[in-house]
Each structure stands twice: as C-alpha cells, then as structure tokens.
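Spelled out from the first residue to the last, the chains are:
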There are 2 protein chains.
Amino acid sequence: MYGRCFCDRGAAIQTVTSMPGYQTFLETRRQRDNAPVVLDSPVPLGELRTPTLYLNEQAFEANLARMQSDLSASGLGLRCHTKTHKCPEIARRQIAAGAVGVCCAKVGEAEVMADAGIPDILVTSPVATADAAMRAARLAGSGVRIVIDSRHGAGLLQEAAASLDVVQSVLIDLDPGMGRTGIAPGDALGLARYVLDNCPGLRFDGLQMYAGNCMHIEGWQARLGQYRETLKAGLATVAEFERAGIETPIVTGGGTGTWDMEADLGLFTDIQAGSYAFMDVEYRNIGDRSGPVFSAFEPSLFVLVTAISQPQADRITFDGGYKSMATDTVKPEFADLEGVRFYWGGDEHGIVRLDNPSAELAPGTRLSMLTPHCDPTVNLYDDLVIVRDGAAHEIWPITARGRSQ
Amino acid sequence: MYGRCFCDRGAAIQTVTSMPGYQTFLETRRQRDNAPVVLDSPVPLGELRTPTLYLNEQAFEANLARMQSDLSASGLGLRCHTKTHKCPEIARRQIAAGAVGVCCAKVGEAEVMADAGIPDILVTSPVATADAAMRAARLAGSGVRIVIDSRHGAGLLQEAAASLDVVQSVLIDLDPGMGRTGIAPGDALGLARYVLDNCPGLRFDGLQMYAGNCMHIEGWQARLGQYRETLKAGLATVAEFERAGIETPIVTGGGTGTWDMEADLGLFTDIQAGSYAFMDVEYRNIGDRSGPVFSAFEPSLFVLVTAISQPQADRITFDGGYKSMATDTVKPEFADLEGVRFYWGGDEHGIVRLDNPSAELAPGTRLSMLTPHCDPTVNLYDDLVIVRDGAAHEIWPITARGRSQ
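How each quantity is defined
- Residues numbered from 1 in each chain as written.
- Chains lettered and ligands numbered in written order.
- Predicted model: local features only at pLDDT ≥ 70, side-chain atom pairs only at ≥ 80, totals over all residues.
- Heavy atoms only, no water.
- Helix = DSSP H or I, 4+ residues; strand = E, 2+ residues; numbered from the N terminus.
- Rg over C-alpha atoms; globule rule 2.2 N^0.38 Å.
- Buried < 20%, exposed > 50% of the residue type's maximum accessible area, 1.4 Å probe, protein only.
- Contact = heavy atoms within 4.5 Å.
- Buried area = accessible area lost by both parts, 1.4 Å probe.
- Salt bridge = Lys/Arg side-chain N within 4 Å of Asp/Glu carboxyl O.
- Polar contact = N/O pair within 3.5 Å; in protein donor to acceptor, adjacent residues only side chain to side chain.
- Nonpolar A, V, L, I, M, F, W, Y, C, P; charged D, E, K, R; others polar.
- Domains from an automatic or database assignment.
- Axes fitted to C-alpha atoms, helices over the stretch in contact; angles between N-to-C directions.
- Parallel < 35°, antiparallel > 145°, perpendicular 65-115°, else oblique.
- Left-handed = near helix turned anticlockwise from the far one by under 90°.
- Least-squares fit on C-alpha atoms with pLDDT ≥ 70 in both.
- Expected span 1.5 Å × (residues − 1).
- Phe/Tyr/Trp six-rings, centres within 6.5 Å; stacked < 30°, edge-to-face > 60°.
- Arc of directions from axis to C-beta.
- Pairing = 2+ DSSP bridges.
- 1 Å grid on protein atoms, 1.4 Å probe; cavity = no way out; pocket = protein on both sides within 12 Å on 5 of 7 lines; lining within 4 Å.
- Points joined across faces, edges and corners; volume = space filled by probe spheres on them.

## Here's the deal with the overall build of chain A
Alright, step 1. A tally of helices and strands in chain A yields eleven helices and 18 strands.
Alright, step 2. Relative to the globule expectation of 22 Å for 405 residues, the C-alpha radius of gyration of chain A, 23 Å, shows essentially globular dimensions.
Alright, step 3. Projected onto its principal axes, the C-alpha positions of chain A cover 70 × 65 × 35 Å.
Alright, step 4. Counting only residues that meet the buried cut, chain A has 64% of its 405 residues in that class.
Alright, step 5. In chain A, the proportion of contacts linking residues at least 24 apart, taken out of those at least 6 apart, comes to 67%.

## A word on the interface of chain B and chain A
Alright, step 1. On the chain A side, the residues contacting the 98 residues of chain B number 98 residues.
Alright, step 2. Between chain B and chain A, the buried area comes to about 8200 Å², and carbon and sulfur atoms account for 53% of it.
Alright, step 3. For the chain B face of the interface with chain A, the top three residues by lost area are B:Tyr22, B:Arg49 and B:Lys323, together amounting to 10%.
Alright, step 4. The interface formed by chain B and chain A includes eight salt bridges.
Alright, step 5. One can count 33 residue pairs in polar contact (both at pLDDT 80 or more) joining chain B with chain A.
Alright, step 6. Ranked by the residues each element gives to the side of chain B that touches chain A, the list is headed by strand E1 (residues 37–44) of chain B, at five residues.
Alright, step 7. Tallied by class, residues from the side of chain B that touches chain A come to 36 nonpolar, 29 polar and 33 charged.

## Considering the domain arrangement of chain A
Residue and element names in this part refer to chain A.
Alright, step 1. The domain architecture assigned to chain A consists of domain 1 (37–54 + 296–397) and domain 2 (58–279).
Alright, step 2. Each of domain 1 and domain 2 has a C-alpha centre, and these two points are 33 Å apart.
Alright, step 3. Taken together, the 14 residues of domain 1 in the interface contact 21 residues of domain 2.
Alright, step 4. Taken together, both faces of the contact between domain 1 and domain 2 bury some 1600 Å²; the carbon and sulfur share is 63%.
Alright, step 5. Broken down residue by residue, the surface that domain 1 buries against domain 2 is led by Phe 297, Asp 375 and Trp 396, which jointly contribute 42%.
Alright, step 6. Summed over the shared surface of domain 1 and domain 2, the number is one salt bridge.

## Examining the pattern of salt bridges
Alright, step 1. Overall, the coordinates contain 56 salt bridges over all chains when judged by the stated rule.
Alright, step 2. Across the pair B:Asp375 and B:Lys83 runs a salt bridge, and its minimum N-O distance is 3.6 Å. Of this pair, B:Asp375 sits in helix H11 (residues 374–378) while B:Lys83 sits in the loop between strand E3 (77–81) and helix H3 (88–96), and the two are 292 residues apart along the sequence.
Alright, step 3. Of the residues examined, B:Asp375 reaches a relative accessible area of 2% and is grouped as buried.
Alright, step 4. Here B:Lys83 falls in the buried class, since its relative accessible area comes to 19%.
Alright, step 5. Because the salt bridges share partners, they merge into one network encompassing A:Glu57, A:Glu61, A:Glu89, A:Arg92, A:Arg93 and A:Arg388.

## Examining the environment of A:Thr230
Residue and element names in this part refer to chain A.
Alright, step 1. Relative to the helices and strands, Thr 230 is located in helix H8 (residues 220–243).
Alright, step 2. Measuring from C-alpha to C-alpha, the distance between Thr 230 and Gly 219 comes to 16 Å, with eleven residues separating the pair along the chain.
Alright, step 3. Leave out the neighbours within four places in its chain, and Thr 230 touches Pro 176, Met 209, Ala 211 and Cys 214.
Alright, step 4. Side-chain polar atoms of Thr 230 contact the backbone oxygen of Gln 226, separated by 2.9 Å.

## Comments concerning the packing of helix H6 (residues 151–164) of chain A against helix H7 (residues 188–198) of chain A
Each pair of packed helices can be described by the angle between their axes along with the distance between the axes.
Residues and elements named next belong to chain A.
Alright, step 1. The interhelical angle for the contact between H6 and H7, taken along N-to-C directions, is 25 degrees, at an axis separation of 10 Å. Accordingly, the angle class assigned to the pair H6 and H7 is roughly parallel. In the packing of H6 onto H7, the handedness of the crossing is right-handed. Contacts from Arg 151, Ala 154 and Gln 158 of H6 reach H7 at Gly 190, Leu 191, Tyr 194, Val 195 and Asn 198.
Alright, step 2. Per-class residue counts for the contact of H6 with H7 are four nonpolar, three polar and one charged.

## Structural notes on the relation of the copies chain B and chain A
Alright, step 1. Aligned on chain A, chain B shows an RMSD of 0.0 Å; the corresponding rotation is 180 degrees and the shift along the axis is 0.0 Å. The relationship between the two copies is best expressed as a two-fold rotation axis. Among all residues of chain B, the minimum C-alpha distance to the rotation axis is found for B:Thr327, at 2.9 Å.

## Looking at helix H2 (residues 57–73) of chain A
All names here are of chain A.
Alright, step 1. Its 17 residues place the ends of H2 24 Å apart at the C-alpha level, agreeing with the 24 Å of an ideal helix rising 1.5 Å per residue.
Alright, step 2. Within the span of H2, buried status applies to Glu 57, Ala 59, Phe 60, Asn 63, Leu 64, Met 67, Gln 68 and Leu 71.
Alright, step 3. In this structure, the buried side of H2 is in contact with strand E2 (52–56), strand E3 (77–81), helix H3 (88–96), strand E10 (270–271), strand E17 (383–388) and strand E18 (391–397).
Alright, step 4. Measuring from the side-chain oxygen of the N-cap residue of H2 to the backbone nitrogen of Gln 58 gives 3.1 Å; that N-cap residue is Asn 56.
Alright, step 5. Gly 75 occupies a position one or two residues after H2 and carries a positive phi of about 75 degrees.

## Remarks on the packing of aromatic side chains
Alright, step 1. A complete count under the given rule lists 24 aromatic pairs over all chains for this structure.
Alright, step 2. Ring centres of A:Phe342 and A:Trp344 lie 4.9 Å apart, and the angle between their planes is 85 degrees; this geometry places the pair in the edge-to-face category.
Alright, step 3. Using a relative accessible area of 8% as the deciding quantity, one classes A:Phe342 as buried.
Alright, step 4. Ring plane angle 85 degrees and centroid distance 5.9 Å describe the contact between B:Phe318 and B:Phe334, whose orientation is recorded as edge-to-face. On the criterion of sequence distance, the pair formed by B:Phe318 in strand E12 (residues 315–318) and B:Phe334 in strand E13 (residues 333–334) is long-range, its members being 16 residues apart.
Alright, step 5. Given the relative accessible area of 0%, B:Phe318 is considered buried.
Alright, step 6. Residue classification places B:Phe334 among the buried positions, given a relative accessible area of 10%.

## Quick notes on H7(A)
Residue pairs spaced three or four apart in an α-helix point in one direction, given the helix's 3.6 residues per turn.
Residue and element names in this part refer to chain A.
Alright, step 1. Of the residues making up H7, those classed as buried are Ala 188, Leu 189, Leu 191, Ala 192 and Val 195. Looking straight down H7, one finds its buried side chains confined to an arc of 160 degrees; they lie on one side.
Alright, step 2. On its buried face, H7 is in contact with strand E6 (144–148), H6, strand E7 (168–173), strand E8 (202–209) and H8.

## What about the packing of helix H4 (residues 107–115) of chain A against helix H5 (residues 130–139) of chain A?
Residues and elements named next belong to chain A.
Alright, step 1. It is the contact of H4 with H5, at a shortest axis distance of 10 Å, that shows an interaxial angle of 20 degrees. Judged on the interaxial angle alone, H5 and H4 are roughly parallel. Classified by chirality, the crossing of H5 by H4 is left-handed. In this structure, H4 contributes Val 107, Gly 108, Ala 110, Glu 111 and Ala 114 to the contact, and H5 contributes Ala 132, Arg 135, Ala 136 and Leu 139.
Alright, step 2. Along the lines of polarity and charge, the residues of the contact of H4 with H5 split into six nonpolar, one polar and two charged.

## With respect to the sheet that holds strand E8 (residues 202–209) of chain B
Residues and elements named next belong to chain B.
Alright, step 1. As summarised here, the arrangement of the eight strands in space is E3-E4-E5-E6-E7-E8-E9-E10, forming a closed barrel in which the pairing is parallel.
Alright, step 2. Pairing analysis gives three bridges linking E3 to strand E4 (residues 101–104), with the strands arranged parallel. Each residue of the ladder has a partner; that of His 81, found in E4, is Cys 103.

## So, empty space enclosed by the protein
Alright, step 1. The tally for this structure, following the rule as stated, stands at four cavities of 30 Å³ or more.
Alright, step 2. Quantified by volume, the largest cavity comes out at close to 210 Å³.
Alright, step 3. Lining the largest cavity are 21 residues; nearest its centre among them are A:Thr50, A:Asp319, B:Val127, B:Ala132 and B:Gln405.
Alright, step 4. The element that contributes the greatest number of residues to the lining of the largest cavity is helix H5 (residues 130–139) of chain B, accounting for three residues.
Alright, step 5. Looking at the lining of the largest cavity residue by residue, the class counts come to nine nonpolar, six polar and six charged.
Alright, step 6. If you add up the space inside the second largest cavity, you get close to 140 Å³.

## Description of the environment of A:Gly339
Residues and elements named next belong to chain A.
Alright, step 1. Here Gly 339 shows up in the loop between strand E13 (333–334) and strand E14 (340–344).
Alright, step 2. Overall, the relative accessible area of 29% leaves Gly 339 in the partly exposed class.
Alright, step 3. Along the chain, Gly 339 and Pro 176 lie 163 residues apart, while their C-alpha atoms are 42 Å from each other.
Alright, step 4. Excluding anything up to four places from it in sequence, Gly 339 contacts Arg 353, Leu 354, Asp 355, Asn 356 and Pro 357.

Quick look at the structure:
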C-alpha cells in the first residue's frame, strides 16, 4: 500500500492508494462498457455538442445489406474489418447481417471484440514478441485466429499455445508485393510445412493476402487491371498448396475497393471489407464500376462541427481540426454545402473559405462533414452518435479506440 | 427503466437498464481518474507493450526549468498550453515550476483541468453556442477565463453569466492576420466598450493575440522578422486601449517558436507555450537562435514501437502508423537510429527502409521515435508512460484526450 497525494489543490487528482504492476495496470485501465446507450428522448442534430462523430443509421444499414447480399450471392464470405469502426455494437450488427466473422488489426482490438462476444476473429497483423503471442493464445479459446509470416512468429505462438495448452488457429500472411507484412508467396509452403511438422499447438487454416496497395487505385478498370496482376501470386500459391495436398479452407483478403471484383478473380473465400459500412472521401474519390464517384455505398459517417468565428468576411472558422478528423490522406468535405473550400486551421479548427456558399453561414451554424479517411477519424472518438430522422437516438461506445497494442 | 439485451452472446455487452438524457450522458461518460499510477516495480523500456507513448522525465523537467527560468528572468509569465499534453499531472508540474496558469483550447479541456484543481485557466478559442457559453460560465468560479471575438459571443457569455449570477473573465482575441479566430485589431476597442457598457456579467481582463502562422517559420532570423511585423497591430491596439484609459492587465500570446523573442518585442505579459515541454520533429526542423536544429529544448516525448515483420530484405515493418502518430505535417524520426528512412505503412504500420542502419533490426526489436507533431500525437493516447533511467516508473492519465468539445 502506498499513499501519496499528487496534488495539494483539487480533490479530483486522487491519492494513489496502491501500486499495481504493469500487467495489472494494462488489464484494468480500459475497462469500458460496450453497451449502446439509448437516450431517453431524441436530440436534434442542431443540439449536439460539437465536434461529434455521428452515424446515419439508415445509410449504414443499407451499406451492410448491400455488401452482404452481393457477396452472399457470389458465394463469398464477409469477414468485416473492425479496424474501421472499433465498435462492438457495429461488429454485432455485421455478424447479425450475415458476416462469417471479423478481422482485427491488432491483438488489443481482438481482446475488445472477444470480450464482447463477437465470434470468429482474425488478427491480420503478425506478432513478434512473447507478450503478444501469449495474449493471442489467451484468446484462442474465443475463436481468435492470427496470421504468421515467419518461423520466428510461428515459434512464439507455438510456445504460447503450448504453455496454455490451447490450439491456435493460424493463417499464413502473403506479401502482395507491397512490402508491409507477409512472407514472399513462394516461401509460404515452406512455412506451412514448418508449422505442420514442428508446431503441434498451431492449426494451419489457410492464407491471407491483403493488397492494400491496390485498394485506392483511381478508376475501376485501372484498379481491376493492377489487382488482377497482384493476385496472381496468391492464386499460384493456393494451387501449389493443392498440389502438395495441404488444404487452405480459408483464403482471406480484399476490401471495399475491390469488393465487386473478387468473385471473378476467384482467390478468396472471404473478403476483409471495412470502409463499405461508412464510406469516406478517400474511397468516394477512386470511383466505382458506374463512374468517377464510388457511390455503390452511401456515406453514413459524419463529423458535426459548429462555426465559431468569422474573423474575415470571406471565411468562417469551425471547431474541428487535426484532433477531430484524420489528416493522413485527403481533406474532409462538406455534406450539404457547395461554393466553399476547406482549409485545415490546426489542431482544433477548420476554415471554410466562402466563395459562393449555397447556405448562409454564421457563428453558431452546424455543419456536417464527410470523413476524409474513416478509420483514423473514428479512432479519435470515444463514442459514435446514432442518428435517425435528423436526431440522435443512441450512443455506441467505440470501445477499441486507441487499442493499437 | 428499460431492459434490452444488445447481444445474445457474450456477457460483456451489457444490458441497458436505464435511458439517460443527453446531458446526463455527456456529464458522466468520461469520468476518469486523474491520478498518476505508480508502478510497484520499474518496467524496462524493452518490456513495454507497443505502440506506447512515453516521456523521458529528466528531459521534460529540464525543459520546464529552462522555459520558466528564462521567462521569469525577463519578467514574463508562462501560461502553458494544455492542448499539447492534455494531462492534469503535467499541468500541475508546470504550475509547481512557476507558471502563472494554463491555456486550454476548448471548454472541454478546461473542464478537465478545473476538475483537477489547476488554477487560472484561459480558454483560447471563442464559443458561439448557448451550451458552450453556459459550460464556460459554470467554470467561471474556478478561475476560468475565455476569449471573445464578437458581440455575438459576448452576448452569449453575458446571458450565461447572468443566469448563473457569476462574473466571467474575458479577453478579446485579436486576429493576427491569419484569419482563424479573433477580431480585427482595429475593432477591438469597440468590442471592449460594448462589453464594458452592456455586459455586467463579464469582466474585461485584456487581450490575446496568437500568431500561429509565425510559430513554424524556418530560420530564427526570418521568424523574428515576420513575427515583429505581425505583432505591430497588437502593440498598436494596446496603445489605443491605453489612450482610451482601458486597462489590459493581461496581454497573452506567443509560443514555443517565439519564446526567446517575446521579451524584446514587448507585447505580452505572458506566453502561451506548449510544445517546449516535449519538443517534436516539426519544431526541431525550424531551427533556433543557435542553428538549424531547434535544440534549446530537448525531445522528451517518444513513441515506442516494435518491429513485427520483415517481408523484404531492405525494409522492416513496425507496429505504429496513422493511429499512433500524427500525420498532419512532418514524419516522425527515429531517436537512436541512422541509415534508415521512414515510410507510413497505413493505419497500423510504419515501414523502415534499411539503407545502412546503425543498429541491427529484426522482428521483436524496439524502436523509439521522436513525435512528428506532439499535440495531435498525444491526443491518440489515453496514458503517458513516465520513464527514468531507461525504465517506466509511473503512468499519467491523459485525461483530456479527445475532449475537443
């Protein structure tokens, strides 16, 4: 026990009464409710505190239905990527709509989803430390699979699985040539044989090949052309495994940018789409089969902001900046406003240059923005506000926000 | 009362048992401890879970001491900007080191700092809604000041102060020409007169002029030249107020980029520096009086990552990307590693191109990175790990993370 007051002023900086170990701290620090909060009465958009992240539930449900029905009709499974939304309630709805399971980028995300009872979780990044391997092994009983791309990683997972006496489902991650993660496709069979021969705690369940470098190629035909070339190494690998008599019940990859190409290309058993549920400016800009705007799915995710200052006549400043919208690729856009240009105004502000605005703007005006890149935008918020008919009805915790470990 | 189970699988998605109102939800959702957690035994850097944000406490304390002693010697106050760190324990240390108070970018940040007992808080952005004005008024008794830049904002604050029967300290925000927030300097006296004549609930306490557009000008002399030009409108405004017999006890502005120019320029009573405590790649790149690297303050803030995959011989991939480091301006850099180049690898990954690395890297290797832009990097983390002598000793909650409302 330990008693030290860290602040002699306010009551709210509390006295530390015990000193936990690091593992204890990690296990307890982010225990949060996963349950959606239903508000006792709807709150109109204009009365929400800003900046806030909100979901148009109707557009969201339409996106879920379209992706699921199209993939199901093609005999493809949907393994939704939770790195996009980090929200157990959304995962629950995706599973309810027919998804075969979900993907998580990191073990930390998988811990949140497993805690929430989400079934068949695939961790899509390899791990390289004993700690991460042990955490994966602890989840093996909850239906969590994980990719490997080296004997080093396989060895760590084998050791962890053996120490807990569990069997860990693993997929071999193939590098599609982008050089981020994955083993060279030609070396995959060797790694599979290593697992089968040396790792009794691991069950080899198939392959992953995620070509993130193809997802945002502008123009549907150009994207298809490059993607087809990229997947050839995956098709060759599956054929090589077949010849060797090693089954690959799961071959997973693909995403929102290639969702309507996968059935013809014929590599995957299930598709790792995430952004289709929300859509964002980045995806809309690449176009789809029907034209230069990717409109097969509707934008359902928005950041609501408020104009707070008009220092000069030709511009107006609102209360959202680097800390409320992702900055890694494209800029956000306004949902219902033309004749304006957006500029970043720093950490906390955005600036609207008024060229010939289609609506009157003044301090106090609320504006809805399409998200620039949805995944890192969602990762800035603790909560997602659910909007139906122009009013907030529920709030869903983004429980895996920040769970990048 | 309301009972609906949102998930028929796991126990962790809980049943909703009551439906709160929106205000109740807002007031309760982010109640977190502010107290630093002291670990029962130190944890070596190599055993920390990654990606993690950590502070070299010695460098941090040296930065605090240098800024404070230099400003104090010049007779200038330090009003540390908490938007950089969002951490009550850091604010407490800055006050303990001699700061006159702190700044907060938003009312939500000020609520966290006031709850933690931090005195003399200035909200540096104007508000434009009745809700935000009421929240500011509720903090008026805790020593929270706020800027105004329009009669609209003054009117909202007056109404809120009157309804709670409090007196709200306000400063007039001057636009330094960047067109983000603030009133044109020539119109400030008129706004002050409006406040003095019409707003008995407001106490006019001075001026703010934050020239964010000058902070990152490369080269100390170039920065000084442009900054001196920019501040002329502020000096003229103060003189105008003096002639009119209206006192401006506080004239606040400036930052890390201009900290050693302010005494000579003579506009401010206190300086709104934030990044000096951490330093980041963005600031190091602008240079200081002594040369092309801004080295008056030491980097104290780092993101620790782990190499997880080596798909190709000339590169290695680690576990930090858009969700663990800010992407708005410059790239992160490696703290103790030469002969490599950094590439973003997406949401969850970074890629090290190995040209002629000064240390051996393999999956499992830990790397420390200098933060690209510290403020939005900190805003991605719930906790700051405090490192002394190569080991973690404490963990400080970043309680105002995400409090941009």
